[in-house]
Amino acid sequence: MSSPTTPSESRNLALAVDLGGTKVEAALVTDQGVVLPATRHRSPTGQGRTSEELQAAVDEVVVATLAALPADATLVGVGIGSAGPVDEEHGLVSPLNMPVWRGYPLRDRVAAHVPAGVPVTLRMDGLAITLAEHWVGAAQGSDHVMGMIVSTGVGGGLILHGRTVSGPTGNAGHIGHVECGGYDDPCACGGTGCLEAVASGPKTVAWARRQGFAGTTGEELAAAYAAGDEVAVAAVKRSGRALGQAIAAATSLVDLEVVAIGGGFSHVSPDLFEYARQAVAERVEFPFVTKVRIVPTGLSQDGPLIGAAALVHRADVLR
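Looking at an unreviewed UniProt entry, the protein chain carries the name Glucokinase, with the source organism given as Curtobacterium salicis. Note on the protein chain: under the UniProt heading Sequence similarities (unreviewed entry), the record states "Belongs to the ROK (NagC/XylR) family."

As structure tokens, this is what we get:
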């Protein structure tokens, strides 16, 4: 949870912006990774909104957060973590769940609200959350890390040899669109059996409903799982196994030490992590894969904002 700060902590602040499939959020964050609660603002996004409505939501939270900048503080930069795909070089976003934004110049639209000379950095949200976990979260002390968000979608990012890896376009680490063997769920990206199509919150609930589950939300699925509902248990097992398969594949490729997972649906049950670990453990002849630790986020609901701020405060780690 966010905590109070001393005046010395609050002098150098980053404006953190997190754009996701259901909301956009902004806050000021200290160079110790602390979100200032009184500066935090959010507005809904989603597939049903027009481009103008989405931009208005971004403007609203950015302007409100900047208005809360303390008089004795310095705005040292702006970090934007966005659902992908992104175009890192040109500051463009094309979130899969927001079809009205394709190649949208989000970085420049946000930059228009801040004083000239203040740097504005945009990265995929999965990379931002990985930075946060590496900085002040569950992956501190490890230099080969994948951070994951399991929520409306499934995102991810990579730190290897202590530096971020984003690739030529900014989309490296997009684990949600790695295909998992044994699943034929169609994905909005055009693939089949993508992790996001199997293990995201909405897709897990949709699968359960096809098996007879009467609920409509991840929270209802979590309650049903806790009560031992057979379909809910099968749904969470299915998603957890897919997560483990994708993590094992990623670890086979880049030799990860830690995978830190956050996002709303990651809280459906602690057993989700156990099912993922069981799938990884099947790689019995590859101890370099089975060594990977799969852990919950250490950052509660602040992770995405801390990650966006880390694009400013931990710019030395950015490749």
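J.: Tell me about the overall build of the protein chain, residues and numbers included.
T.: When helices and strands are tallied, the protein chain shows ten helices and twelve strands. Computed over C-alpha atoms, the radius of gyration of the protein chain comes to 19 Å, within 12% of the 20 Å expected from 2.2 N^0.38 for 319 residues, which places it in the range of a compact globule. Taken over 319 residues, the protein chain has a buried fraction of 54%. Restricting to contacts in the protein chain with at least 6 residues of sequence separation, those with at least 24 account for 64%. Accessible surface computed for the protein chain: about 13,000 Å², of which carbon and sulfur atoms make up 54%.

J.: Requested: an account of the environment of Ser300, with residues and values cited.
T.: With respect to the helices, strands and loops of the structure, Ser300 is situated in the loop between β12 (293-296) and α10 (303-313). Ser300 gets classed as partly exposed once you look at its relative accessible area, which sits at 36%. Sequence separation of Ser300 and Gly264 is 36 residues, and the distance between their C-alpha atoms is 9.6 Å.

J.: Got a sec to walk through the sheet that holds strand β8 (residues 145-150)? Specific residues and values, please.
T.: Backbone hydrogen bonds are what pair the strands of a sheet, in a parallel or an antiparallel way. Taken in spatial order, the five strands make up an open sheet running β10-β9-β8-β11-β12, and their pairing is mixed. Both edges of this open sheet fall to β10 (163-165) and β12, since each of them pairs with a single strand only. On average, each strand axis in the sheet is tilted by 25° relative to the strand beside it, whichever way the strands run. Bridge count between β8 and strand β11 (residues 258-262): five bridges; the pairing is parallel. In the sheet register, Val145 faces β11, and the bridge partner there is Val258. Each of β8, β9 (154-160), β11 and β12 is contacted by helix α7 (residues 230-254), which is oriented at about 155° to β8, the strand it contacts most. Each of β11 and β12 is contacted by helix α8 (residues 271-281), which is oriented at about 170° to β12, the strand it contacts most.

J.: Lay out the packing of helix α3 (residues 125-136) against α10 with the relevant residues and their values.
T.: Two numbers describe a pair of packed helices, the interaxial angle and the distance between the axes. With their axes 7 Å apart at the nearest point, α3 and α10 run at an angle of 85° to one another. Comparing the axis directions of α3 and α10 gives the class roughly perpendicular. In contact with Ala128, Ile129, Leu131, Ala132, Trp135 and Val136 of α3, α10 contributes Gly303, Pro304, Ile306, Gly307, Ala308, Ala310, Leu311 and His313. Here the contact of α3 with α10 is built from residues that sort into eleven nonpolar, three polar and no charged.

J.: Can you tell me about the nonpolar core, naming the residues and giving the values?
T.: Residues Met146, Met148, Leu195, Leu221 and Ile247 are the most contacted members of the largest nonpolar core, which totals 43 residues. Listing elements by their share of this core, those giving two or more residues are β8, β9, α4 (195-199), α5 (201-210), α6 (218-226), α7, β11 and α8. Looking at this core, the element that brings in the most residues is α7, giving ten residues. Contact partners of Leu195, with chain neighbours within four places excluded, come to Met148, Val154, Ile175, Gly176, Val178, Cys180, Ser200, Ala242, Leu243 and Ala246. With 30 residues, the next largest nonpolar core counts Val17, Met98, Leu106 and Val118 among its residues.

J.: Help me get a handle on the side chain of Ser43, residues and values and all.
T.: Here Ser43 is to be found in strand β3 (residues 41-44). With residues near it in sequence (within four places) discarded, Ser43 still touches Thr22, Lys23, Val24, Ala57, Glu60 and Val61.

J.: Describe the state of the cysteines, and please don't skip the residues or the numbers.
T.: For the coordinates displayed, the defined rule picks out zero disulfides. For the unlinked cysteine Cys180, the closest cysteine sulfur is that of Cys194, found at 8.0 Å. You can call Cys180 buried: its relative accessible area is 6%. Cysteine Cys187 remains unbridged, with the sulfur of Cys189 as its closest cysteine sulfur at 3.7 Å.

Reading the values: rules and limits
Residues numbered from 1 in each chain as written. Predicted model: local features only at pLDDT ≥ 70, side-chain atom pairs only at ≥ 80, totals over all residues. Heavy atoms only, no water. UniProt positions renumbered as here; feature names shortened; annotations may be inferred. Helix = DSSP H or I, 4+ residues; strand = E, 2+ residues; numbered from the N terminus. Rg over C-alpha atoms; globule rule 2.2 N^0.38 Å. Buried < 20%, exposed > 50% of the residue type's maximum accessible area, 1.4 Å probe, protein only. Contact = heavy atoms within 4.5 Å. Areas by Shrake-Rupley, 256 points an atom, 1.4 Å probe, with all protein chains shown as cover. Pairing = 2+ DSSP bridges. Axes fitted to C-alpha atoms, helices over the stretch in contact; angles between N-to-C directions. Parallel < 35°, antiparallel > 145°, perpendicular 65-115°, else oblique. Nonpolar A, V, L, I, M, F, W, Y, C, P; charged D, E, K, R; others polar. Core = buried A, V, L, I, M, F, W, Y, C linked by side-chain atoms within 4.5 Å. Disulfide = S-S within 2.5 Å.

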